Amino acid sequence: MSHGPKKVGILVGGGPAPGINAVIGAATIRAVLSGYDVVGIQDGFQWLMKGDLEHARPLSIDDVSRIHFRGGSYLGISRANPTKSQDLLEETVLSLLRLEVDKLITIGGDDTAFSASQVALQSKGRLRVVHVPKTIDNDLDLPGQADTFGFQTARHIGVELVENLMVDAKTTHRWYFVVAMGRKAGHLALGIGKAAGATLTLIPEEFPREGHVPLRTVVDLLAAAIVKRLAAGRADGVAMIAEGLVERMEEHDLEGLAGVERDAHGHVRIAEIAFADILKAEVQKRLKQFGVKATIIPKNIGYELRCADPIPYDMEYARDLGYCAAKYLAEGGTGALVAMVQGSFKAVPFDTIMDPKTGRMRVRMVDIASDRYMIARRYMLRLRKDDFDDSSQLARFASVLDISIEDFQKEFGYLVEHEPIPRTFYPDERPKPSIAPPGK
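Presented here is a report on the structure given in the accompanying data block. Predicted model only: the values in this text are computed from it and were never measured. (Residues numbered from 1 in each chain as written. Predicted model: local features only at pLDDT ≥ 70, side-chain atom pairs only at ≥ 80, totals over all residues. Heavy atoms only, no water.)

**Observations regarding the overall build of the protein chain**
The secondary structure content of the protein chain amounts to 16 helices and eleven strands. The principal-axis extent of the C-alpha atoms belonging to the protein chain is close to 85 × 85 × 40 Å. For the protein chain, with 440 residues in total, the buried portion stands at 51%. In the protein chain, the proportion of contacts linking residues at least 24 apart, taken out of those at least 6 apart, comes to 76%. Summed over all atoms, the accessible surface of the protein chain reaches about 20,900 Å², with 51% contributed by carbon and sulfur. With 55 positive and 58 negative side-chain charges, the protein chain shows a spacing of 3 Å between the two charge centroids. (Helix = DSSP H or I, 4+ residues; strand = E, 2+ residues; numbered from the N terminus. Buried < 20%, exposed > 50% of the residue type's maximum accessible area, 1.4 Å probe, protein only. Contact = heavy atoms within 4.5 Å. Areas by Shrake-Rupley, 256 points an atom, 1.4 Å probe, with all protein chains shown as cover. Lys, Arg positive; Asp, Glu negative; His and termini not counted. Charge placed at Lys NZ, Arg CZ, Asp CG, Glu CD.)

**Describing helix α7 (residues 215-231)**
In an α-helix, one turn spans 3.6 residues, which is why side chains three or four residues apart end up on the same side. In this model α7 runs 24 Å from its N-terminal to its C-terminal C-alpha over 17 residues, within 8% of the 24 Å that 1.5 Å per residue would give. With 14 of its 17 residues buried, α7 lies for the most part within the structure. One or two residues past the end of α7 sits Gly233, with phi positive at roughly 90°. (Expected span 1.5 Å × (residues − 1).)

**Thoughts on the sheet that holds strand β8 (residues 237-242)**
Reading across the sheet, the four strands line up as β7-β8-β6-β9 and stay open at both edges, with parallel pairing between neighbours. The outermost strands of the open sheet, each flanked by one partner alone, are β7 (200-202) and β9 (296-301). When the angles between neighbouring strand axes are averaged without regard to direction, this sheet yields 20°. Looking at chain direction, strand β6 (residues 175-180) and β9 are connected through six bridges and run parallel. In the strand pairing of β9, Trp175 is matched with Ile296. Those strands touched by helix α6 (residues 187-196) are β6, β7, β8 and β9, and its axis lies near 160° from that of β8. (Pairing = 2+ DSSP bridges. Axes fitted to C-alpha atoms, helices over the stretch in contact; angles between N-to-C directions.)

**Quick word on the packing of aromatic side chains**
All told, the structure shown has six aromatic pairs when counted by the stated rule. Taking 5.8 Å as the distance between ring centres and 55° as the angle between the ring planes, the aromatic pair formed by Tyr328 and Phe345 counts as tilted. You can see Tyr328 sitting in helix α12 (residues 312-330) and its partner Phe345 sitting in strand β11 (residues 344-349), a full 17 residues away along the chain. Residue Tyr328 is classed as buried on the basis of its relative accessible area, which comes to 18%. For Phe345, a relative accessible area of 36% corresponds to the partly exposed category. Put simply, the rings of Phe290, Phe388, Phe397, Phe408 and Phe412 touch in pairs and so form one group of aromatic residues. (Phe/Tyr/Trp six-rings, centres within 6.5 Å; stacked < 30°, edge-to-face > 60°.)

**Thoughts on the packing of α7 against helix α15 (residues 391-401)**
In contact at an axis separation of 9 Å, α7 and α15 are set at 105° when each is read in the N-to-C sense. One finds that α7 runs roughly perpendicular with respect to α15. Between α7 and α15, the residues in contact are Val227, Lys228, Leu230 and Ala231 and Gln393, Arg396, Phe397, Val400 and Leu401, respectively. (Parallel < 35°, antiparallel > 145°, perpendicular 65-115°, else oblique.)

**A short note on the sheet that holds strand β5 (residues 128-133)**
Here we have seven strands laid out as an open sheet, ordered β3-β2-β1-β4-β5-β10-β11, and mixed in their pairing. Either end of the sheet is taken by a strand with one partner, and the two such strands are β3 (56-59) and β11. Across the sheet, the axes of successive neighbouring strands diverge by a mean angle of 30°, strand direction being ignored. Alignment of strand β4 (residues 101-108) against β5, held across six bridges, turns out to be parallel. Looking across to β5, one finds that Ile105 is bridged to Val130.

**Describing the environment of Phe177**
With respect to the helices and strands, the residue Phe177 is situated in strand β6. With sequence-adjacent residues up to four places away left out, Phe177 is seen in contact with Leu222, Ile226, Ala239, Ile241, Ala276, Leu279, Lys280, Val283, Ile296, Ile297, Pro298 and Lys299.

Remember that the coordinates give geometry; whether it matters functionally is a separate question.
Listed below in structure tokens is the structure:
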């Protein structure tokens, strides 16, 4: 029987997501009821890796019993990375042990998960560590395609914002280009766009995985959607765009554009690119070649979503995760992240969810072969292959640009070359009619 310290430490890393406080609250309550003292560690790993113990405080049930209603983080947050050096990692472990913490719950995304896994290794068994995955991007490769907590709330708030923009767009006869957070994957942009019924949504996954996404292609997709809308008698629309597209572009595609920031070496700062503004300018320039004027308003959404009060789904989901994290540690578990798969707890060992190439958690991309995505595509107003089989439709598009049908095909025909093949529901997949018994 161990006579060592019996304290559970809780910290939050990365960016905010709705539901963080629900995890903190549920984990604290479960740990206290299991007989442990709980220490709340402020600002992620920021102070621990400096050997500073002044930013940790005891947590009680009374402290946390109602925090699950609120957004933000009761314990603050930071992106401080203890894995930058061996010294920082060792200092982090020593700080936790000096606080008499022998069990650690980390809440965060892929970077925090990696830090947690390395802290566990560095402690050589002195610390038991469990991670609760969090991101509004919904791009962590969790078992059973489970959402990351915070995603549904972010989508919910995002849909409300986009609904308002759609009404404004129709009222004022303008377009909005809305860039949504999503560092690698397009889950949030697609989730908002599909639910709100945005005119179209562009995500990185719809382009071939190998190679870069040309800026010209994205510009033409948006310009063509505006043309198709004008041909239908509408001068308004809302395009949802995943910010992850910009990371798929080549630097030379962006470096000559106005407003692009550069670092001390003259390289384009991808993270600082005002993507929506660039797309607005380039699409307007493209349409101007044909004498077409469009009013476009650039808009970014993301920071508005991250600290929203969680909707009931995320409140419940995050509390389940917090409970499971504390219970897993109390029962001797370590070196894993917690997940809920169809209502059941699952511990996922760090080494099974890390990408061996990057050392980080595997990224989950949108499956563009899924029915869920195919349905979204069918409701978007964008150029499609069957548009090019309809001469009257092509004539309307060409008329908007005051060019011939042949020239329209030359300018925009390439956009549909990689269009996903529509899903067919085969007859043998349909439910068979029930056969009534004799005499009925």
